[in-house]
Amino acid sequence: MPSIMDVSLTGPRSDPRLRFGVHADGVDTWATIEVYAYAVDADGEPRKPSVDFFRSNLRANDRGVIEHRVDTPVTIPARAWGIAINAVAANGSDVCEARAERGPTCAVIQLR
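Residues numbered from 1 in each chain as written. Predicted model: local features only at pLDDT ≥ 70, side-chain atom pairs only at ≥ 80, totals over all residues. Heavy atoms only, no water.

### Some words on the packing of aromatic side chains
The geometry of an aromatic ring pair is captured by the separation of the ring centres together with the interplanar angle, meaning the angle of the planes.
Then, in step 1: Across all of its chains, the model carries two aromatic pairs by this definition.
Then, in step 2: Taking the centre distance of 5.9 Å and the plane angle of 25 degrees together, the rings of Tyr 36 and Tyr 38 count as stacked. A single burial state applies to Tyr 36 and to Tyr 38, both of which are buried.
Then, in step 3: One Lys or Arg, Arg 55, reaches over the ring of Tyr 36 and ends 4.5 Å from the middle of that ring. (Phe/Tyr/Trp six-rings, centres within 6.5 Å; stacked < 30°, edge-to-face > 60°. Buried < 20%, exposed > 50% of the residue type's maximum accessible area, 1.4 Å probe, protein only. Lys NZ or Arg CZ within 6 Å of the ring centre and 35° of its normal.)

Structural data, given as structure tokens:
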């Protein structure tokens, strides 16, 4: 199961940077972890039209470990309540509230 760590949004609102890390161990040889970040409204729903700030499929090294750092500029849409970051194991559910053995890891930064 992946972990999202060290989440921050820095800089002025006119030019913010999203930074976070993703860690997973025990990842099968051909498995991937899909990671994406996007703007959400106060109900946690993606802002329309939904545009990802970041999206990547990560693979493990020869020891079954994923260590990845993200540092990317973002453009926050008007009326966005927050920024969501999801890390989803291959063939796992992408619903954060679902009770699943291989459920995703999710984080939300509330904008002020």
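### Notes on the side chain of Asn 86
Then, in step 1: By the element assignment, Asn 86 lies in strand β6 (residues 82–89).
Then, in step 2: Ignoring anything within four residues of it in the chain, the contact list for Asn 86 reads Ile 4, Glu 34, Val 35, Tyr 36, Tyr 38, Asp 94, Cys 96, Thr 105 and Cys 106. (Helix = DSSP H or I, 4+ residues; strand = E, 2+ residues; numbered from the N terminus. Contact = heavy atoms within 4.5 Å.)

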